[in-house]
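# What the coordinates show
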Amino acid sequence: MMRTRNLFPWLMLMPCLLFLLLFLLVPLLLLFDQSLTDVDGLLNPLPGFSLAQYVTIFRDPQYLHALWTTLWVSLLTAAITVLLAWPAAWLLVNARQRHWRTLLYVVLISPLLTSVVIRTFAWIVLLAQNGLINGFLLFTGLIPQPLSLLWNMNAVVIAYVQVMLPFAVLPLITSLNEIAPALRLAAMSLGATPGMTFRRVILPLTLPGMLTGFIIVFSLAAGSYITPLLIGGRLQPLLPIAIYQQAMQIANLPLAAALSLTLLVMTLAVAGVAGIFLKRWEKKNHG
C-alpha cells in the first residue's frame, strides 16, 4: 500500500513526461545531431560530424551582429514590458469594484485571444506611412510629411511590448496578491512615508514576479520571428529571421539547426543568470 502511494505521483506525471520526451527532448537531440553535419557547396550533407556550422556562426560578423541584436532587443523589450506591467498589475490588484477588475482583465488578455498575424497586421495599419498615426499627425499639422514608423527595430520593440505585456503582468499580480496588507500598514505605522513603503516593502517583495515576467518576455521575444519579419522586414539582423531564411529559403538545415541551438543557449543563459540572482536575493532576505 505504501509503495503504491509513493508511485502514484510518478504515474500521474508519466503522460506529461512521455510527451516532453517525445516532442521536446528527442527533437532537440535530432536538432543537435543536424547541427553537427557539414555540407558541400551544393548543401549536400557530408559524412561524419563537424563543428563547421558553429565555426561559421562565431566567425561571420553577420551572425555575431544578429546574435548581439537579438540579445539587446529581447532585453530591452523585457525591461520595458516589466516597467509597463507594474502599474497595470497594481491597478488590477487594487481595483475595488469587481466589474472594473473583470473588465481590466479582459482588456489585458485580449491580445492573447487573437492571432499573432492579425495583431501584427494591425500594427502595420497603425504605423504605415499612410496609416492611422501618420494620418492623424498630418491632419493636426504636427508633421509636414509622413514619418518612417515601420520597417525598423523601434516598430518591432513596440509590437513586442504590446503582445507580451500580459506575460509580465500576470506574475506581478501573483506577487502583489501574496503581500499581506498588514505589512504596508506596519511600515506606515513606524513612520515610513508612502514612497518609502513602496521602495522598501512593496517593490522588493514583487521582485520574484518581475524576474519571472522578465524571463518569460525575454524568451518569447528572443524566439519570435513572425512579428519582426512582418513589421521590421526580412533584412533585420535578428537570429529568428536568420534561422527562418536558412531553413525555409536557402534550405541549409545544418546551419539553421546550429543557429537555433545558439539561440536556445543564449536564452537559457539569460534565464539562468536571472534565476541565480533571484535565489541569492531570496537567500539574503529569507535565509
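The present account deals with the structure reproduced in this document. Quantities reported herein were computed from a predicted structural model and do not represent experimental measurements.

Cut-offs applied
Residues numbered from 1 in each chain as written. Predicted model: local features only at pLDDT ≥ 70, side-chain atom pairs only at ≥ 80, totals over all residues. Heavy atoms only, no water. Phe/Tyr/Trp six-rings, centres within 6.5 Å; stacked < 30°, edge-to-face > 60°. Helix = DSSP H or I, 4+ residues; strand = E, 2+ residues; numbered from the N terminus. Buried < 20%, exposed > 50% of the residue type's maximum accessible area, 1.4 Å probe, protein only. Polar contact = N/O pair within 3.5 Å; in protein donor to acceptor, adjacent residues only side chain to side chain. Contact = heavy atoms within 4.5 Å. Core = buried A, V, L, I, M, F, W, Y, C linked by side-chain atoms within 4.5 Å. Expected span 1.5 Å × (residues − 1). Arc of directions from axis to C-beta.

## What to know about the packing of aromatic side chains
Considering all chains together, one arrives at four aromatic pairs under this definition. Here Trp86 and Trp90 contribute two aromatic rings whose centre-to-centre distance is 5.7 Å and whose plane-to-plane angle is 25°, an arrangement assigned as stacked. With a gap of four residues between them, Trp86 and Trp90 both fall in helix H3 (residues 61–94), about one helical turn apart. Ring geometry for Tyr225 and Tyr244: centres 5.4 Å apart, planes at 20°, overall stacked. Taken together, the residues span a long stretch of sequence, with Tyr225 in the loop between helix H10 (207–223) and helix H11 (226–232) and Tyr244 in helix H12 (residues 239–250) at a distance of 19 residues. The exposure class of Tyr225 is partly exposed, given its relative accessible area of 34%. Each residue in the set Trp86, Trp90 and Phe198 is aromatic and connected to the rest through ring pairs, giving one cluster.

## As for the environment of Leu190
As for its placement among the helices and strands, Leu190 is situated in the loop between helix H8 (181–189) and helix H9 (194–205). Overall, Leu190 belongs to the exposed group, its relative accessible area being 76%. C-alpha separation for the pair Leu190 and Leu127, spaced 63 residues apart in sequence, amounts to 51 Å.

## Considering the side chain of Thr70
Tracing the backbone through its elements, the reader meets Thr70 in helix H3. For Thr70, the side chain forms a polar contact with the main-chain oxygen of Ala66, separated by 2.7 Å. Aside from chain neighbours lying at most four places away, what touches Thr70 is Ala222, Pro237, Leu238, Leu239, Pro240, Leu263 and Met266.

## Some words on the nonpolar core
Counting 64 residues, the largest nonpolar core has Val169, Ile231, Leu259 and Met266 as its most contacted members. Secondary-structure elements contributing two or more residues to this core are helix H2 (52–59), H3, helix H5 (116–127), helix H7 (153–177), H9, H10, H12 and helix H13 (253–286). Among the elements that line this core, the one with the most residues is H7, at 14 residues. The residues contacting Val169, other than those within four sequence positions of it, are Ala85, Ala88, Ala89, Leu92 and Leu108.

## What about H10?
Its 17 residues place the ends of H10 24 Å apart at the C-alpha level, agreeing with the 24 Å of an ideal helix rising 1.5 Å per residue. If you check which residues of H10 are buried, you get Leu207, Pro208, Gly209, Met210, Leu211, Gly213, Phe214, Val217, Phe218, Ala221 and Ala222.

## A closer look at H9
Taking 1.5 Å per residue as the helical rise, H9 with its twelve residues ought to reach 16 Å, and the 15 Å between its terminal C-alpha atoms agrees with that figure. Along H9, the positions that sit buried rather than exposed are Thr197, Val201 and Ile202. In a view along the axis of H9, the buried residues occupy a sector of 80°, so they form one face of it. In H9, the exposed positions that point more than 90 degrees away from the buried face belong to Arg199 and Arg200. Where H9 is buried, its residues contact H3, H7 and H8.

## Thoughts on unusual backbone geometry
Backbone geometry places Trp151, a non-glycine residue, at a positive phi of 65°. Secondary-structure assignment places Trp151 in the loop between helix H6 (132–140) and H7. Even without being a glycine, Ala251 presents a positive backbone phi close to 65°. Inspection of the secondary structure puts Ala251 in the loop between H12 and H13.

Everything listed is a geometric property; what it means functionally is a separate question.
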